[in-house]
Amino acid sequence: MSDERKAGVRGLKQRVKTARKRTLSSQRWLERQLNDPYVARAKREGYRSRAAYKLLEIDEKHRLLKPGQRVVDLGAAPGGWAQVAARKVGSPEGRGKVVGIDLLPIEPLPGVDFVQLDFLAPEAPERLVELLGGEADVVLSDMAANATGHKKTDHLKIMGLAEAAAEFARSVLAPGGAFLAKVLQGGTEGALLTDLKRDFATVRHVKPAASRSDSAELYVLAMGFRGR
Ligand SMILES: C[S@@+](CC[C@H](N)C(=O)[O-])C[C@H]1O[C@@H](n2cnc3c(N)ncnc32)[C@H](O)[C@@H]1O
């Protein structure tokens, strides 16, 4: 058998095995990953996640991250946003500071301090402030709980995380600081939006191009923290 045919047979076997082992939804996810231009770009440009492009785009448009700033990254794994933040503030060169937290372990990154912990654990805010060594200029939250498939439950979970992130931001931001958090379409009405509008000079919703159009995901961006 030619090498080409052998490779073809191997490829076919691999596909059959994968198809039998995977659930339909994980197979769809894999197919989408393989065909996603942002996934390919992240691989080429050395970013750990396609999500990095969401932050890059928001930053480019709204001038969120500046040299020397202190940044907290909530839900940081695998580290794409932290890579972007570190580069923008200059933490690998000793300027500013980037601190990240996630339930999952994260491979070390130059200029970033990671803590593996549930952000909702009572000790989490204090650990982050300790690592930061002072007030923050920017609080980022890309936190998302694993989807259960039950729309209402997923919605409540993600909004609960955004609300906890906003509360933390209010307790740690320096005046003038900014807060960016993942929310869901239709989810920032009510208390969260009212509170953000009271505490920040500008509040807007942003949907970067890298955020899949078929996803209800959206980001709320609050800038110009008025102080505590
Ligand atoms: C979409 S990913 C973040 C991707 C990241 N921004 C990047 O660019 O690499 C969401 C993350 O939120 C984390 N997460 C969800 N709930 C959390 C919690 N309660 N505490 C800490 N991390 C949490 C998940 O473990 C997951 O890694």
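Parameters at a glance
Residues numbered from 1 in each chain as written. Predicted model: local features only at pLDDT ≥ 70, side-chain atom pairs only at ≥ 80, totals over all residues. Heavy atoms only, no water. Near = heavy atom within 4 Å. Areas by Shrake-Rupley, 256 points an atom, 1.4 Å probe, with all protein chains shown as cover. Nonpolar A, V, L, I, M, F, W, Y, C, P; charged D, E, K, R; others polar. Helix = DSSP H or I, 4+ residues; strand = E, 2+ residues; numbered from the N terminus. Contact = heavy atoms within 4.5 Å. Axes fitted to C-alpha atoms, helices over the stretch in contact; angles between N-to-C directions. Parallel < 35°, antiparallel > 145°, perpendicular 65-115°, else oblique. Left-handed = near helix turned anticlockwise from the far one by under 90°. Salt bridge = Lys/Arg side-chain N within 4 Å of Asp/Glu carboxyl O. Buried < 20%, exposed > 50% of the residue type's maximum accessible area, 1.4 Å probe, protein only. Pairing = 2+ DSSP bridges. Right-handed = clockwise from strand over helix to strand, strands pointing away.

Re the site of the ligand
As a structural note, the neighbourhood of the ligand is formed by 19 residues, with Ser49, Asp102, Asp118, Phe119 and Asp142 the closest of them. For the ligand, the protein covers 87% of the area, taking 610 Å² as the surface of the free molecule. The class makeup of the residues in the shell around the ligand is twelve nonpolar, four polar and three charged.

Some thoughts on the side chain of serine 91
By secondary structure assignment, the location of serine 91 is in the loop between α5 (80-89) and β2 (97-102). The residues touching serine 91, leaving out its near neighbours within four places in the chain, are Ala86, Gly96, Lys97, Val98 and Gly111.

Quick word on the packing of helix α7 (residues 151-172) against helix α8 (residues 191-199)
Running from N to C, α7 and α8 point in directions that differ by 20°, and their axes come no closer than 11 Å. Put simply, α7 runs roughly parallel to α8. Of the two possible hands of crossing, α7 and α8 adopt the one that is left-handed. Where α7 approaches α8, its residues Met159, Ala162, Glu163, Ala166 and Arg170 are matched on the opposing element by Leu192, Asp195, Leu196, Arg198 and Asp199. Class assignment of the residues belonging to the contact of α7 with α8 gives a composition of five nonpolar, no polar and five charged.

Notes on the pattern of salt bridges
Considering all chains together, one arrives at twelve salt bridges under this definition. Across the pair arginine 198 and aspartate 195 runs a salt bridge whose closest N-O atoms are separated by 3.4 Å. Highlighted residues: arginine 198 and aspartate 195, both in helix α8, separated by three residues, approximately one helical turn. A salt bridge links aspartate 199 to arginine 198; its shortest N-O distance comes to 3.0 Å. Within the structure, one salt-bridge network assembled from shared partners comprises Lys54, Asp142, Lys182 and Glu217.

Brief notes about the pairing of strand β4 (residues 136-141)
Working note: regular strand, side chains alternate between the two faces of the sheet. Of all six residues in β4, five are buried, a share of seventy percent or more. Here strand β1 (residues 70-74) pairs with β4 via four bridges, running parallel. When the sheet's bridge partners are listed, valine 71 is paired in β4 with valine 138. In this sheet, strand β5 (residues 173-184) lies alongside β4 in parallel orientation, the contact comprising five bridges. Across the sheet, the residue bridging to serine 141 is alanine 181, located in β5. Note that the unit made of β4, α7 and β5 has a crossover that is right-handed.

Description of the sheet that holds β5
Taking strand neighbours across the sheet as the criterion, the seven strands line up as β3-β2-β1-β4-β5-β7-β6 in an open arrangement whose pairing is mixed. Strands with a single pairing partner mark the edges of an open sheet, and in this sheet they are β3 (112-116) and β6 (200-206). The average undirected angle you get between the axes of adjacent strands in this sheet is 15°. In the sheet, β6 pairs with strand β7 (residues 217-225) via six bridges, with the strands oriented antiparallel. Looking at the pairing, phenylalanine 200 lines up with phenylalanine 225 of β7.

Keep in mind these numbers describe shape, not what the thing actually does.
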